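A closer look at the structure
The residues making up each chain are set out below.
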Amino acid sequence: MRKACFITPLFLLAALALASLMVGSSSYPAWEVARTLLGKGDDPALSYIVASMRLPRTIAAVLCGMVLATSGCLFQAVLRNPMADPFVLGVSSGGSLGAAIGLSFGLVNLTAPAMVGGFASAFLVLLLSLRHQSQTRLILTGVALNYLCSSLMTLCMMLDYDQYQRIIFWTMGSFSAVTFQGVRIVAICYLLSLIPLLPVAGSLDLLLLDDASALSMGLDIHRTRMLVIAIATFPVAVSVAWFGVIGFVGLLAPHVARLMVGPSHKRLLPLCSLLGADLLLASDLACRVILPSGELPAGVITSLLGTPLLILMLRRGSVRHG
């Protein structure tokens, strides 16, 4: 049963990845896509579309889904809050504000200002909450900073109305302009940040206990909490900078994974990665199917898919923590 919980999402991911390479404004059969990926294709246009456009987009959606879902699982454990997500520290609003400021100054590449905004926001929340070892204070500080950044971003849009549509589109997230450079950077950040947490998953399980029980087992709660928050925030900020803001993946995937394998983070973290990749790749695929001639932001689809599913889980009492 436990193996099936991993095998099914893995096969689904492979099927979605193949469909992502096949479907778009123009569709191709699976055997032509396979020949192209193996370097045996004889159509230069097909080779360019599959290898240079759809392949990096597919990998980017998988990586981004893994980053958001795994980080969401970590934040829910550290903050002991089932509604925590990767953007609880204001990474999304800070990145959006950085992108809006970059557009106001006429920048074409928004990666650098968005990354600076995301990191600055998360750092400020941690700094303001450092003296008080309280999850509630940290969450409320993040909420307050989210509102502040959102207000400043709206002000930027009103002052430079010509960039209004571009800022709105960016804040909903998209993989339409992804490159292998962005894929490589996000992949490296994910490996350096989240994979090393797997051997110490036991410490994450202890964080689910009350403070007295965790301390009695020798866990330095404050140090562990701050370390995990910093590690989980880093790849999220990089992902937001390259692909924009995509919500609901980091909130929903951990709850679904918890239903399948329980609260142990040794199993929960890898399954969260798979489910997050499945959800975001399916959403990106839906973007191209629903509007083949244009481009829907991926964040729109994740919210449309995630909201009813989360409400259904809440009504059935399936959302639980620990």
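Our subject is the structure listed above.
These figures come from a predicted structure and were not determined experimentally.

Our focus in this paragraph is the packing of aromatic side chains. Under the counting rule described, the total for this entry stands at 2 aromatic pairs. Aromatic side chains phenylalanine 175 and phenylalanine 243 sit 5.3 Å apart centroid to centroid with 55° between the ring planes, which places their arrangement in the tilted category. A residue pair is termed long-range when its members are at least 10 positions apart, and phenylalanine 175 in the loop between helix 7 (164-171) and helix 8 (180-193) and phenylalanine 243 in helix 11 (residues 221-243) qualify at 68 residues. Overall, phenylalanine 175 belongs to the buried group, its relative accessible area being 1%. Of the residues examined, phenylalanine 243 reaches a relative accessible area of 3% and is grouped as buried.

Notably, arginine 80 is not glycine yet its phi reads approximately 50°, a positive angle. Here arginine 80 is to be found in the loop between helix 3 (44-79) and helix 4 (91-104). Assessed through its relative accessible area of 23%, arginine 80 is described here as partly exposed. Residue phenylalanine 248 is not a glycine yet carries a positive backbone phi of 80°. By the element assignment, phenylalanine 248 lies in the loop between helix 11 and helix 12 (249-261).

For phenylalanine 169, the location among the structural elements is in helix 7. Taking the relative accessible area as the measure of exposure, phenylalanine 169 reaches 31% and is therefore partly exposed. The sequence separation of phenylalanine 169 and isoleucine 188 amounts to 19 residues, and the corresponding C-alpha distance is 26 Å. Setting aside chain neighbours within four positions, we find phenylalanine 169 in contact with Ser174, Glu295 and Pro297.

Its 18 residues place the ends of helix 14 (residues 298-315) 26 Å apart at the C-alpha level, agreeing with the 26 Å of an ideal helix rising 1.5 Å per residue. Bending of helix 14 peaks at approximately 25° at the position of glycine 306, with proline proline 308 no more than four residues after it. Taken together, the buried positions of helix 14 are occupied by Ala298, Gly299, Ile301, Thr302, Gly306, Leu310 and Met313. Check the buried side of helix 14 and you find it contacts helix 12 and helix 13 (265-290).

Here helix 8 contains 14 residues, and its C-alpha end-to-end distance of 20 Å stays within 8% of the 20 Å for a straight helix at 1.5 Å per residue. Regarding helix 8, the residues found buried are Gly182, Val183, Val186, Cys189, Tyr190 and Ser193. Down the axis of helix 8, the buried side of the element spans an arc of 135°, and every buried residue falls inside it. Turned more than 90 degrees from where helix 8 packs its buried face, Arg184, Leu191 and Leu192 sit exposed.

The N-to-C vectors of helix 3 and helix 8 enclose an angle of 25°; their axes lie 9 Å apart at closest approach. As judged from the angle between their axes, helix 3 and helix 8 are roughly parallel. Both helix 3 and helix 8 take part in a crossing whose hand is left-handed. Residues Ala51, Leu55, Pro56, Ile59, Ala60, Leu63, Met66, Val67 and Thr70 of helix 3 form the contact with helix 8, whose participating residues are Phe180, Val183, Val186, Ala187 and Tyr190. Partitioned by chemical class, the residues of the contact of helix 3 with helix 8 number 13 nonpolar, 1 polar and no charged.

Each value, and the rule that gives it
- Residues numbered from 1 in each chain as written.
- Predicted model: local features only at pLDDT ≥ 70, side-chain atom pairs only at ≥ 80, totals over all residues.
- Heavy atoms only, no water.
- Phe/Tyr/Trp six-rings, centres within 6.5 Å; stacked < 30°, edge-to-face > 60°.
- Helix = DSSP H or I, 4+ residues; strand = E, 2+ residues; numbered from the N terminus.
- Buried < 20%, exposed > 50% of the residue type's maximum accessible area, 1.4 Å probe, protein only.
- Contact = heavy atoms within 4.5 Å.
- Expected span 1.5 Å × (residues − 1).
- Bend = angle between axes of the 7 residues up to and from the residue.
- Arc of directions from axis to C-beta.
- Axes fitted to C-alpha atoms, helices over the stretch in contact; angles between N-to-C directions.
- Parallel < 35°, antiparallel > 145°, perpendicular 65-115°, else oblique.
- Left-handed = near helix turned anticlockwise from the far one by under 90°.
- Nonpolar A, V, L, I, M, F, W, Y, C, P; charged D, E, K, R; others polar.

By themselves these figures say nothing about function.
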